[in-house]
Amino acid sequence: MLKDRITGAKALMRALQAEGVKTIFGYPGGSIMPVYDALFDYTRGEKKCFDHILVRHEQGATHAAEGYARVSGEVGVALVTSGPGVTNTLTGIADAMLDSTPIVVIAGQVPIAALGTDAFQEVDLVGVSQPISKWSYQIRRAEDVAWAVSRAFFIARSGRPGPVVLDFAKNAQVEEIDWEPKKVDFIRSYVPYPKLDNDAVRRAADLINHAKRPLALVGQGVELGNAQEELKAFLEKADIPSGRTMLGLSALPSNHPLNVGMLGMHGNYAVNLKEQECDVLIAIGMRFSDRVTGNLKTYAKQAKVIHLDIDRSEIDKNVKTHVAVVADCKESLPALTALIDKNNHQEWRDSFKELDEKERTKVIEPAIHPQQGPLLMGEIVHAVAEQAPDGSVLVTDVGQNQLFATRYFKYTQKRSICTSGGLGTMGYGMPAAIGATFATDRTVCCFMGDGGFQMNIQELGTIMEQQAPVKMILLNNHYLGNVRQWQDMFWMKRKSFTKMLNPCYDSIAQGYGIPYQAVTDRKDLASAIEKMLNTKGPYILECAIKEEDNVLPMTPPGMNVNEMMLEI
C-alpha cells in the first residue's frame, strides 16, 4: 500500500480543510512561500476549498479575520510571512485577545537551523506574541503540523475565545511526511468549560427572587456563547431591565422592551444612573471594564453582585462579587431561569423613563434631528439606520464615529456589531468590514472618521479587487475628533496636533474605482444614503460634519458612573 507522502505545507492545507476553514486573509513573502505554493492548488480547480483574500497590509489581514470571526461565529484565519510580515499582525492579535475574538495567525519563520543567527526577517514570534495570545507555538517539524493546527483551532474557539499564533519554520514547510490527520479536543490542565456549580446557581436565583430593583448587564459573552435566546428567556421571566456593553449591543434587539440602553462612559443616561440604585446587579458575560464602571471605589456599592462568566479570572478582578456562576452562559442562563420566579418589576422599569426622556430631550433629539447648522454624526448614523435593511451589520472604526455609531444604530439580529473595544484600535474598521462581508450576505455598514479611514486606507485595494460590498460612511470633520473633544474638555482647549489636513477622497475613490458621493447639505442626506444602499458592491459616502461635534452623555474619566454629563 502506497503511503500518502506530502510536504508540511500541504499538510497545513489538509489540516485547515479538516477544521472547516473556508476563507483565509493573507499576504505572501519569502518564509511562507512554500505554503503559498501549496495554497495555489487549493484555491482553484477541482481541489478548491479555500478563498484567499489578498490584503494590502498584514494588520489588515488580522482585522479582516476578526471581522469574519465576529460575524460568522467561526475562527478567522490570517496567513503571513516572517519578520515585518508577522510583527505587523501584533496589533490585531492584541485586539483579538482583549475582545475575545477567535483567530488563528499562521506565520512563516526562518528554518530552524538559522534561528538565533539574526537571519533575514527572523523575529522571535513566540516570545513577542505569548503575552497577547491564548497560545503561541512554533512548528519545527512537518510531522507536528496536523496536531498543532487542530490544537490551535480547539484553543481559539473553545471556552473564552481568543487568538492563537502558529510560527511555521520553513524547513517544516518543505519536509515530507506520511500524512496522518489529528484531532485535538482535550488538553490536560486546560478546562475551557468549567463545571456548573448548582449551589451557586441556587444562591444567585435566591438573590434575584428577592430583588426589588434588579438590573442585568449584558456583555459579548452572550454572543460568544450563542445564548441570545437563553438571555431573553431569563430576562423576560424575571422582568429584569438590561443594559448592554458596547460589544454586547446585538445580544438583545434594540427594540426589546427590557433593553434599557448601552452601558459605559458614553452610554445611555438612565441605565448608568440606575447602576447606582439597583439592589441586585447581574453581570452576564462581561468583564466590568473601566469604561463601564467609572470610579470603582463607588461603583454599585449598594447592590448584591451576581457575575456569570466562563472565565474564572474575571471574577472579583474589578468588582467584588457576592455570587459567581462560572460556566458557559449557554448552560448557566437556563439553569438560572429554571429557578427564578416569574416576576413583575414594572414600577422599577418605569423609573427609567424620566431619565430616558431627559436624555432624549437634551442629547438625542438635538443629535439626530438638528434643525440647522452643519451635519452631525448622530443624525447621519440615525439616517443610515433608518434606511438600512433589518439585520444589517455595524462595523466601526475607533473614536467619535464609534461612539455615535454604536449609540444610534439599530440591532435586530445577533452578531451585528464589529468594533474594537478593549484595545481601541484606529484602522480596525475598514479591514474588519471586509472580513464581515465574507462572513455574511447581510448589508455591512462601516462608519469611520477621517483619522481611522487613513490608518488602513490601503485596504481600499482589497475592496476594489474583491468588490467587497462594504458601505463606507466617512464622517469627516478634519480632526482626530475624540482626542479633540478631550482636549477641549480637560486640556484648556489646547488642540495639540489633532487638526488634520485631508486628501481629496473623491480622487482616491476614483483611483480605486469605488463609487463615491459627498454630502454637505442636510437636504441631500436621505437620497445619498438610499443611493449608497442600493448600489451593488462597495461605496464611499463622505459626510462633511460639524468640526466640533461632541459625544454626549459622558462620564468623565475617574468620575462616578452616575456623574454623567448631558451637556458641556
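Residues numbered from 1 in each chain as written. Predicted model: local features only at pLDDT ≥ 70, side-chain atom pairs only at ≥ 80, totals over all residues. Heavy atoms only, no water.

Undergrad: What is the right way to look at the pairing of strand S15 (residues 393-396) in this model?
TA: Side chains on a regular strand alternate between the two faces of the sheet. Here S15 shows two buried faces, one formed by Val393 and Val395 and the other by Leu394 and Thr396. In this structure, S15 lies alongside strand S17 (residues 444-449), joined through four bridges in parallel fashion. Residue pairing across strands places Thr396 opposite Phe447, the latter belonging to S17. Across two bridges, S15 lies against strand S16 (residues 417-418) in parallel orientation. Within the sheet, the bridge partner assigned to Leu394 lies in S16 and is Ile417. Taken together, S15, helix H17 (residues 400-408) and S16 form a β-α-β motif whose crossover is right-handed. (Buried < 20%, exposed > 50% of the residue type's maximum accessible area, 1.4 Å probe, protein only. Helix = DSSP H or I, 4+ residues; strand = E, 2+ residues; numbered from the N terminus. Pairing = 2+ DSSP bridges. Right-handed = clockwise from strand over helix to strand, strands pointing away.)

Undergrad: Help me understand the layout of surface pockets in this model?
TA: Unfilled space is identified by rolling a water-sized probe across the atoms. The volume enclosed by the second largest pocket comes to roughly 720 Å³. Every residue lining the second largest pocket is counted, 30 residues in all, and those nearest its centre are Ser254, Gly261, Asn268, Arg360 and Ile364. Of all the secondary structure elements, the ones that give two or more residues to the lining of the second largest pocket are strand S11 (259-262), helix H15 (346-368) and H17. By residue number, the principal contributor to the lining of the second largest pocket is H15, which donates 11 residues. Counted by class, the lining of the second largest pocket contains 12 nonpolar, eight polar and 10 charged residues. (1 Å grid on protein atoms, 1.4 Å probe; cavity = no way out; pocket = protein on both sides within 12 Å on 5 of 7 lines; lining within 4 Å. Points joined across faces, edges and corners; volume = space filled by probe spheres on them. Nonpolar A, V, L, I, M, F, W, Y, C, P; charged D, E, K, R; others polar.)

Undergrad: Help me out: how do you make sense of the pairing of strand S7 (residues 163-169) in this one?
TA: In terms of burial, S7 is largely enclosed, as seven of its seven residues are buried. Here S7 shows a buried face lined by Pro163, Val165, Asp167 and Ala169 and a second buried face lined by Val164, Leu166 and Phe168. Here strand S5 (residues 103-109) pairs with S7 via seven bridges, running parallel. What sits directly across from Gln109, in S7, is Ala169. Note: strand S6 (residues 135-139) against S7, five bridges, orientation parallel. Within the sheet, the bridge partner assigned to Trp135 lies in S7 and is Val164. The parallel pair S6 and S7 is bridged by helix H7 (residues 145-157), and the resulting crossover is right-handed.

Undergrad: Which parts of the structure should I look at to understand the side chain of Thr43?
TA: Secondary-structure assignment places Thr43 in the loop between helix H2 (33-42) and strand S3 (51-54). When its relative accessible area of 17% is taken as the criterion, Thr43 is described as buried. A distance of 3.2 Å separates the side chain of Thr43 from the backbone oxygen of Phe40, its partner in a polar contact. What Thr43 contacts, discounting residues up to four positions off in sequence, is Lys48, Phe50 and His52. (Polar contact = N/O pair within 3.5 Å; in protein donor to acceptor, adjacent residues only side chain to side chain. Contact = heavy atoms within 4.5 Å.)

Undergrad: Help me out: how do you make sense of the sheet that holds strand S10 (residues 242-244) in this one?
TA: Hydrogen bonds between backbone atoms are what pair the strands of a sheet, whose relative direction is either parallel or antiparallel. Spatially, S11-S10-S9-S12-S13-S14 is the arrangement adopted by the six strands of the open sheet, whose pairing is parallel. Only two strands of the sheet have a single neighbouring strand rather than two, namely S11 and strand S14 (323-326). Neighbour-to-neighbour, the strand axes of the sheet open up by a mean angle of 15 degrees, direction not taken into account. Bridge analysis of S10 against S11 gives two bridges, and the strand direction is parallel. Each residue of the ladder has a partner; that of Ser242, found in S11, is Asn259. Taken strand by strand, helix H11 (residues 228-238) contacts strand S9 (214-218), S10 and strand S12 (280-284), and its axis lies near 170 degrees from that of S12. (Axes fitted to C-alpha atoms, helices over the stretch in contact; angles between N-to-C directions.)

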